[in-house]
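Spelled out from the first residue to the last, the chains are:
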Amino acid sequence: MAEKLFARPQALADVPTHYCPGCQHGIIHRLVAEVIDELDVRKKTIGVVPVGCAALADIYFEVDTQQAAHGRAPAVATGVKRVHPENVVFTYQGDGDIAAIGMAEIVHAAARGEKITTIFVNNAIYGMTGGQMAPTTLVNQVTATSPYGRQLSSAGAPIRLSELLATLDGAKYIARVSVNDPANMTKAKTAIRTAFEVQMRGEGFSLVEVLSTCPTNWGKSPVEAKKWLKENMLPQFPLGVFKNIEGVKE
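Criteria and cut-off values
- Every chain is numbered on its own, with residues counted from 1 as its sequence reads.
- Only residues with pLDDT of 70 or above have their local features reported here, since the model is predicted, and side-chain atom pairs are shown and tallied only from 80 upward, although totals for entire chains, interfaces and linings are computed over all residues.
- Hydrogens are left out, water is left out, and the side-chain values use all remaining heavy atoms of the structure.
- To obtain each axis, a line is fitted to C-alpha atoms, and for helices this fit is confined to the stretch in contact; angles are then taken between N-to-C directions over 0 to 180 degrees.
- Put simply, DSSP marks the helices as runs of H or I at least four residues long and the strands as runs of E at least two long, and each gets a number from the N terminus on.
- Two residues form a contact once any of their heavy atoms are found within 4.5 Å.
- Think of it as three bins: nonpolar holds Ala, Val, Leu, Ile, Met, Phe, Trp, Tyr, Cys and Pro, charged holds Asp, Glu, Lys and Arg, and polar takes everything else, Gly as well.
- DSSP bridges decide pairing: two strands pair if at least two such bridges lie between them.
- Think of it in three bands: with a 1.4 Å probe and only protein chains considered, a residue is buried below 20% of the maximum accessible area for its type, exposed above 50%, and partly exposed in between.
- A patch is a set of surface residues, each over 30% in relative accessible area and not in a salt bridge, joined within 9 Å for like charges and within 5 Å for the nonpolar side chains Val, Leu, Ile, Met, Phe, Trp and Tyr.
- Accessibility throughout is a Shrake-Rupley quantity obtained with a 1.4 Å probe, and a residue counts as covered only by protein chains that appear here.
- What makes a salt bridge here is a side-chain nitrogen of Lys or Arg within 4 Å of a carboxyl oxygen of Asp or Glu, nothing more.
- Expected span of a helix, by definition, is 1.5 Å for each gap between consecutive residues, and there is one gap fewer than residues.
- The pairing test for Phe, Tyr and Trp rings, Trp by its six-membered ring, is centres within 6.5 Å, and the orientation test on the planes gives stacked under 30 degrees, edge-to-face over 60, and tilted for anything in between.

Trainee: Before we go on, may I ask you to explain the packing of helix 3 (residues 73–83) against helix 5 (residues 103–112) in this structure?
Mentor: When two helices pack together, their arrangement is given by the angle between the helix axes and the distance between those axes. For the pair helix 3 and helix 5, the least separation of the axes is 8 Å and the interaxial angle reads 35°. Touching Pro74, Ala75, Thr78 and Arg82 of helix 3 are Glu105, Ile106, Ala109 and Arg112, all from helix 5. Of the residues that constitute the contact of helix 3 with helix 5, the class distribution is four nonpolar, one polar and three charged.

Trainee: What should I look at first to understand the sheet that holds strand 7 (residues 240–244) in this one?
Mentor: Picture the strands of a sheet paired through backbone hydrogen bonds; they go either parallel or antiparallel. Strand order across the open sheet formed by seven strands is 2-1-3-4-6-5-7, with mixed pairing between neighbours. Each end of this open sheet is capped by a strand with a single partner; those strands are strand 2 (64–67) and strand 7. Taken over all neighbouring pairs, the strand axes of this sheet differ in orientation by 15° on average, direction set aside. Two strands pair when backbone bridges link them, and strand 4 (residues 117–122) and strand 6 (residues 205–211) are joined in this way by six bridges, in the parallel orientation.

Trainee: For this particular structure, what's the right way to read helix 5?
Mentor: Residues spaced three or four apart along an α-helix face the same direction, because each turn holds 3.6 residues. Inspection of helix 5 places Met103, Glu105, Ile106, Ala109 and Ala110 among the buried residues, and these make up the whole buried set. Just past helix 5, the residue Gly113 takes up positive phi, approximately 70°.

Trainee: What is the right way to read a nonpolar patch on the surface from this model?
Mentor: Taken together, the side chains of Val15, Leu56 and Ile59 define a hydrophobic patch exposed on the protein surface, amounting to about 220 Å² of accessible area. You can see Ile59 is positioned in helix 2 (residues 57–60).

Trainee: Mind showing me how you'd approach helix 8 (residues 182–200) here?
Mentor: Along its 19 residues, helix 8 runs 27 Å from first to last C-alpha, staying within 8% of the 27 Å computed at 1.5 Å per residue. Taken together, the buried positions of helix 8 are occupied by Asn184, Ala188, Ala191, Ile192, Thr194, Ala195, Phe196, Val198 and Gln199. Among the structural elements, helix 1 (25–38), helix 3, strand 3 (88–94), strand 4, strand 5 (171–178) and strand 6 are those in contact with the buried residues of helix 8. Immediately beyond the C-terminal end of helix 8, within one or two residues, lies Gly202, with a positive phi of roughly 75°.

Trainee: I tried to follow the pattern of salt bridges on my own but got confused; where do I start?
Mentor: Inspection of the entire model under this criterion finds 13 salt bridges. One salt bridge connects Glu34 with Lys189, and the closest N-O pair in it is separated by 3.0 Å. Here the residue Glu34 occupies a position in helix 1, and Lys189 occupies one in helix 8, the gap between them amounting to 155 residues. Taking the shortest distance from any N to any O, the salt bridge between Glu231 and Lys227 comes out at 2.8 Å. Here Glu231 pairs with Lys227, and both are found in helix 10 (residues 222–236), just four residues apart, close to one helical turn. When salt bridges with common partners are traced through the structure, they connect Arg30, Glu34, Glu38, Lys189, Arg193 and Glu197 into a single cluster.

Trainee: Explain the packing of aromatic side chains to me, please; I cannot follow it from the model alone.
Mentor: Here the distance between the centres and the angle between the planes together describe a pair of aromatic rings. Scanning the model with the defined rule gives five aromatic pairs in all. A centroid spacing of 5.7 Å and a plane angle of 55° characterise the contact between Tyr19 and Tyr60, whose relative ring orientation is tilted. Placement of Tyr19 in the segment before helix 1 and of Tyr60 in helix 2 is noted, with a sequence separation of 41 residues between them. One exposure class covers both Tyr19 and Tyr60, and it is buried. An angle of 80° between the planes, with centres 5.7 Å apart, marks the rings of Phe61 and Phe90 as edge-to-face. You can see Phe61 sitting in the loop between helix 2 and strand 2 and its partner Phe90 sitting in strand 3, a full 29 residues away along the chain. Of the two residues, Phe61 and Phe90, neither departs from the other in class, the shared state being buried. One aromatic cluster is present, formed by Phe61, Phe90, Tyr92 and Phe196 through successive ring pairs.

The quantities given are spatial measurements derived from coordinates; they are silent on function.
Have a look at this one:
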């Protein structure tokens, strides 16, 4: 009997997704699902899904899920984790959800050291609502609400959320990764696993920021979008681990 080398993770539902061609949410979903399976926590994992492109993530993950109002996923996850401290609780959020309307929630969840994990997908734009400028939009990047490009003088520079959160004492693991090529996908999975393990050890708040493409709203093909991410987003949002405090149980 032939050995099965590659299969759909149990934590990932066998259904088509609604994401645009070339969107990398599907890759990120799979990495999260693989980590949940490998840690053997599927039956005790609770996901909190946002308003945005990933609003239907509850359909795609074979775990219990709760939808939150726009930006409020960290607050909802805080309540879930405090009521069910034995469960593994994660939020899955986009840049508009987490760094605009939800900025207060994510900052204070990290400052309090809430024992939750956040998967933050950064594609430098509002995806679901039509491609408006986001807090992470690059300077001079053209969007639906910055047709002449983001202007530094009026909109400021893009927010580097990982670096910001890494300054907070309650944050125990903060990393930025990308899924633009196989090597980075492997590193992304390692970071996601580490973030979940930090939570499972009761150490505090953990977050993994994942750089991702949005070919539709960038107006590019999937191949062009990956190239644009590498040439433009990586210099602005450098990859790496910004905070990693291990073995500190509160």
